[in-house]
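One letter stands for each residue in the lines below.
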Amino acid sequence: MNHSTTANGTSRSLEVSTKAVEAEIRDRADPRQVLADRVAHLYRQMPIAIGATFVAGAIATYELQGRFLQELVLIWWAIVVTFSATASLLLYAYYRSPDKLSSAPDWLRWLGIAALGNGASWGLAGGVFFRSLSDEHQVFLGFLFAGMASVGVPVYAASWPIFALYAAGILGPFCYVLLTFGNRLFVEIALLVPLFYALNVAIAYRLTQVFLSGYRLRHAYGKLTQDHRTLNQRLELQLVDLEEARRQVEASGRKLALFAERAPIAVLELQPDGIVSEVNHAAEMLFGYAAAELVGSSVKKLVRAEFHGEFDQTWRELLAKRESMAGLKIRNPRRDGIDLICEWTVTPLVNFRHEVIAVIAQGRDVTAQLEAERMKQEFTSTLSHELRTPLTSIIGSLQLINSGVMGDVDKEVAELTTVAERNGQRLLDLINDLLDIEKIESGKLTLAPELIALDDLVREAMVLNKAFGERFSVRFEARGELPGRLVLADRKRLQQVMTNLLSNAAKFSPEGGVVEISTEDSGASVRVAVHDRGPGIPEAFRGRIFGRFTQADSTATRQKGGSGLGLAICKRLIELMQGRIGFENRAGGGATFWFELPRQAAA
């Protein structure tokens with residue numbers, strides 16, 4: 001019972017699988033192409049049909065021409081010749097057709113008509129000649145009809161309906177003659193003719209199905225082959241791409257290895273558990289350990305024991321977040337016991353499963369840099385407290401003497417105190433500039449932004465710097481009307497920028513010259529420009545004009561005064577106020593320095 005059930009189940013599975021394969025073949029094969037192939041097969045068989053008809057007709061004509069129906073026989077022979085010629089023309093037209101795919105249904109219909117005509121011509125012979133022939137010629141004619149009908153099976157096997165039309169044209173009239181002949185034997189034969197006809201049609205039907213499956217299979221296989229060819233081409237392209245990617249990865253790997261090996265900073269490759277896998281030469285030189293001494297040991301060998309707990313916590317965070325960490329300052333002991341402070345950038349390498357497979361640590365010694373920053377802070381503190389405060393007091397005292405508050409002094413003494421006051425003021429300006437630039441670069445400078453009317457600020461700057469301009473015999477004038485525009489800026493620092501630009505323009509303008517100040521809209525910003533008629537900016541100096549301690553002509557600058565920090569301070573202040581600054585030479589000589597700030601709407 002179980003074996004029978006299993007066998008039935010297997011049989012049903014095979015049947016289902018076969019039907020599924022057949023359905024897939026039908027889906028893959030193009031029905032139009034299958035029909036076109038069947039039609040082509042039928043037309044390739046037409047020469048056999050034409051030849052068989054012509055030969056059999058010639059034999060029948062020869063055999064029957066001596067009888068009393070000679071004229072009818074010749075007429076029938078003419079019909080046979082006409083059919084052969086017409087069928088030949090149809091075959092010629094088919095092979096000359098430029099588009100056999102889309103017109104396949106039409107060619108099939110024409111072939112069906114031709115097959116029916118061919119069969120009917122033989123049926124006509126049976127209906128006309130059979131009654132009038134002797135017994136032996138009747139047998140000959142019956143054998144001929146059966147043979148012609150049977151020959152149609154392979155000729156029209158690719159389309160059983162065409163065979164059915166062809167055989168019906170032959171056997172229909174012949175069966176009718178046998179039934180009405182009056183002979184009992186012929187009647188019995190007539191009753192067998194439909195069975196013979198049905199058997200042949202069934203055979204033709206099966207052959208048609210075989211042909212249909214064959215053509216479907218051929219086209220499905222062809223399409224599958226084409227798909228495989230396309231897939232192979234794609235695979236070849238992908239393999240080429242993969243090979244190219246492999247070469248690029250290898251090249252990148254070699255470059256990275258070379259970079260890591262020759263990099264001036266220490267590079268360590270670490271395993272997820274903190275074990276050192278590789279180190280470069282710079283790391284060996286920095287820490288004094290050979291590569292063999294570090295590889296295979298824990299990276300905590302390069303961390304002071306008292307900081308191991310903090311290091312472990314940071315390492316766990318790195319593995320959990322899988323994100324790079326930069327700017328980590330760690331005290332690392334060298335082999336000789338000297339401590340270094342290194343700044344590390346640590347990058348975890350993550351695979352497609354988001355697993356950390358390695359960690360790349362890049363470190364550089366910042367001990368000297370931190371020491372320089374400490375010394376810089378001490379220097380700044382010295383400037384601020386130890387120099388600026390007493391210098392301010394000294395300048396104040398000299399100003400009192402030079403103003404005559406302390407009484408009249410000798411001319412020679414007055415000249416000395418005036419020079420001392422001027423040099424003291426220059427030294428104080430230099431100290432203030434150094435303190436400003438240090439605050440800006442360390443991020444300690446704070447701004448107090450407010451809405452400022454630029455036209456008022458420009459007029460105020462012209463008034464405040466009027467005395468400085470008169471010292472160089474230079475006037476400050478507004479170019480045209482100064483439109484009232486609001487900007488968001490720190491008033492004190494913006495006035496400092498204006499003072500720097502106006503004082504520079506005055507120092508480098510010829511005596512009796514005029515420095516013009518203009519304001520105008522520039523898109524969503526407002527531009528303030530200071531125009532002078534000085535010597536302009538040398539080409540070689542333009543790229544570094546906003547750098548620290550840069551001067552176009554140091555000799556002239558010493559004569560005019562200046563530290564070389566003014567424009568650098570202006571640039572950083574304007575950028576802190578979300579603006580930008582620049583310059584351009586003027587046609588006819590001179591330079592224009594300008595800055596732009598975002599325009600604000602009135603409240």
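Below you will find a few notes about this structure.

What counts and how
Each chain carries its own residue numbering, running from 1 in the direction its sequence is written. Per-residue local features are limited, in this predicted model, to residues with pLDDT of at least 70; the limit for side-chain atom pairs, both in listing and counting, is 80 or more; totals at the level of whole chains, interfaces and linings are taken over all residues. As a rule here, side-chain values cover all heavy atoms of the structure and leave hydrogens and water aside. Pairs were defined over the aromatic rings of Phe, Tyr and Trp, the Trp ring being its six-membered one, requiring ring centres within 6.5 Å. Orientation was assigned from the angle between planes: stacked under 30 degrees, edge-to-face over 60, tilted for the rest. For helices the rule is a DSSP run of H or I covering at least 4 residues; for strands it is a run of E covering at least 2, with both sets numbered from the N terminus onward. Exposure categories follow from relative accessible area, calculated using a 1.4 Å probe and restricted to protein chains: below 20% of the type maximum is buried, above 50% is exposed, and the middle band is partly exposed. Only Lys NZ and Arg CZ are tested; either one counts as a charge over a ring when it is within 6 Å of the ring centre and within 35 degrees of the ring normal. Put simply, buried Ala, Val, Leu, Ile, Met, Phe, Trp, Tyr and Cys residues joined by side-chain atoms within 4.5 Å make one nonpolar core. Here, residues are in contact when the closest pair of their heavy atoms is within 4.5 Å. Should DSSP find at least two bridges between two strands, the strands are regarded as paired. A 3.5 Å cut-off defines polar contacts: any pair of N or O atoms within that distance qualifies, except that in protein one atom must be a possible hydrogen donor and the other a possible acceptor, and neighbouring residues in sequence count only when both atoms are side-chain atoms. Note on geometry: axes are C-alpha line fits, over the in-contact stretch for helices, and angles between N-to-C directions span 0 to 180 degrees. Left-handed describes a crossing whose near helix is turned anticlockwise from the far helix by less than a right angle; the clockwise case is right-handed. Three residue categories are used. Nonpolar comprises Ala, Val, Leu, Ile, Met, Phe, Trp, Tyr, Cys and Pro, charged comprises Asp, Glu, Lys and Arg, and polar comprises the others, including Gly. Each angle receives one of four descriptions, namely roughly parallel if under 35 degrees, roughly antiparallel if over 145, roughly perpendicular if within 65 to 115, and oblique otherwise. Two joining distances apply to patches: 9 Å for like charges and 5 Å for nonpolar side chains (Val, Leu, Ile, Met, Phe, Trp, Tyr), and every residue must have over 30% relative accessible area and no salt bridge. Note on areas: these come from Shrake-Rupley sampling with a 1.4 Å probe, and a residue is covered only by the protein chains present in the view. For this analysis, a salt bridge means a side-chain nitrogen from Lys or Arg found within 4 Å of a carboxyl oxygen belonging to Asp or Glu.

Looking now at the packing of aromatic side chains. The description of two aromatic rings rests on the distance between their centres and on the angle between their planes. With the rule as written, the count across this model stands at seven aromatic pairs. Aromatic side chains Phe311 and Trp315 sit 6.0 Å apart centroid to centroid with 20 degrees between the ring planes, which places their arrangement in the stacked category. Taken together, the residues span about one helical turn, with Phe311 and Trp315 both in helix 10 (residues 308–321) at a distance of four residues. Judged by its relative accessible area of 16%, Phe311 falls in the buried class. Put simply, the rings of Tyr94, Tyr95 and Trp107 pair up and form one aromatic cluster. Lying across the ring of Trp594, Arg527 places its NZ or CZ 3.9 Å from the centre.

Of all hydrophobic cores here, the largest spans 46 residues; its most connected members are Tyr43, Met46, Trp122, Met148, Tyr156, Phe163 and Tyr166. Breaking this core down by element, the ones donating at least two residues are helix 2 (31–64), helix 3 (70–96), helix 4 (104–129), helix 5 (135–155), helix 6 (160–180) and helix 7 (184–262). Discounting residues that sit within four places of it in the chain, Tyr43 has contacts with Leu90, Leu91, Tyr94, Tyr95, Trp107, Trp110 and Leu111. One finds Val474, Ile537, Phe541 and Ile569 within the second-largest nonpolar core, a separate group that totals 42 residues.

Both strand 3 (residues 325–333) and strand 4 (residues 339–350) contribute to a ladder of seven bridges, which runs antiparallel. When the sheet's bridge partners are listed, Ile330 is paired in strand 4 with Cys342. The turn linking strand 3 back onto strand 4 is made up of five residues, and Gly337 within it adopts a positive phi angle of 95 degrees.

On to the environment of Leu111. Along the chain, Leu111 turns up in helix 4. Taking the C-alpha atoms as reference, Leu111 lies 9.8 Å from Tyr156; in sequence the two are 45 residues apart. In this view, Leu111 contacts Leu42, Tyr43, Met46, Leu90 and Ile162; residues no more than four positions away in its chain are not counted.

Inspection of the secondary structure assignment puts His531 in strand 10 (residues 525–531). Overall, the relative accessible area of 7% leaves His531 in the buried class. Engagement of the side chain of His531 in a polar contact is seen with the side chain of Ser518, the distance being 3.0 Å. Once you skip the residues sitting within four places of it in the chain, His531 turns out to touch Arg479, Val514, Val515, Glu516, Ser518, Arg586, Ala591 and Thr592.

Next up on the list: unusual backbone geometry. Residues other than glycine seldom take positive phi values, yet Arg322 does so here, at roughly 55 degrees. Relative to the helices and strands, Arg322 is located in the loop between helix 10 and strand 3. Assessed through its relative accessible area of 40%, Arg322 is described here as partly exposed. The backbone of Ser473 shows a phi angle near 55 degrees, a positive value even though the residue is not glycine. Position of Ser473 relative to the elements: it lies in the loop between helix 14 (466–471) and strand 7 (475–478). The class for Ser473 is partly exposed, based on a relative accessible area of 39%.

Turning to the pairing of strand 8 (residues 486–490), a few remarks are in order. Along a regular strand, successive side chains alternate from one face of the sheet to the other. Pairing analysis gives five bridges linking strand 6 (residues 449–453) to strand 8, with the strands arranged antiparallel. Bridging across to strand 8, Ala453 finds its partner in Leu486. Judged from the two bridges that link them, strand 8 and strand 12 (residues 591–600) form a sheet pairing that is antiparallel. Its bridge partner lying in strand 12, Val487 is registered against Arg599.

Their axes nearest at 10 Å, the elements helix 15 (residues 491–507) and helix 17 (residues 566–576) cross at an angle of 145 degrees. Pair helix 15 / helix 17 crosses with left-handed handedness. Where helix 15 abuts helix 17, its residues Arg493, Leu494, Gln496, Val497, Asn500, Leu501 and Asn504 lie against Gly566, Leu567, Ile569, Cys570, Leu573 and Ile574. Class assignment of the residues belonging to the contact of helix 15 with helix 17 gives a composition of eight nonpolar, four polar and one charged.

Another point: the packing of helix 13 (residues 454–464) against helix 15. Direction vectors running N to C along helix 13 and helix 15 enclose 50 degrees, while the axes themselves pass 10 Å from each other. Compared by their axis directions, helix 13 and helix 15 come out oblique. Regarding helix 13 and helix 15, the two cross each other, and that crossing is right-handed. Of the residues in helix 15, those in contact with Leu454, Leu457, Val458, Glu460, Ala461, Met462 and Leu464 of helix 13 are Arg491, Leu494, Gln495, Met498 and Leu502. Counted by class, the contact of helix 13 with helix 15 contains nine nonpolar, one polar and two charged residues.

On the surface, Phe54, Val55, Ile59 and Val81 cluster together to form a nonpolar patch covering roughly 320 Å² of accessible area. In terms of residue count, helix 2 provides more of the nonpolar patch than any other element does, three residues in total. Among the secondary structure elements, Val55 is positioned in helix 2.

Keep in mind these numbers describe shape, not what the thing actually does.
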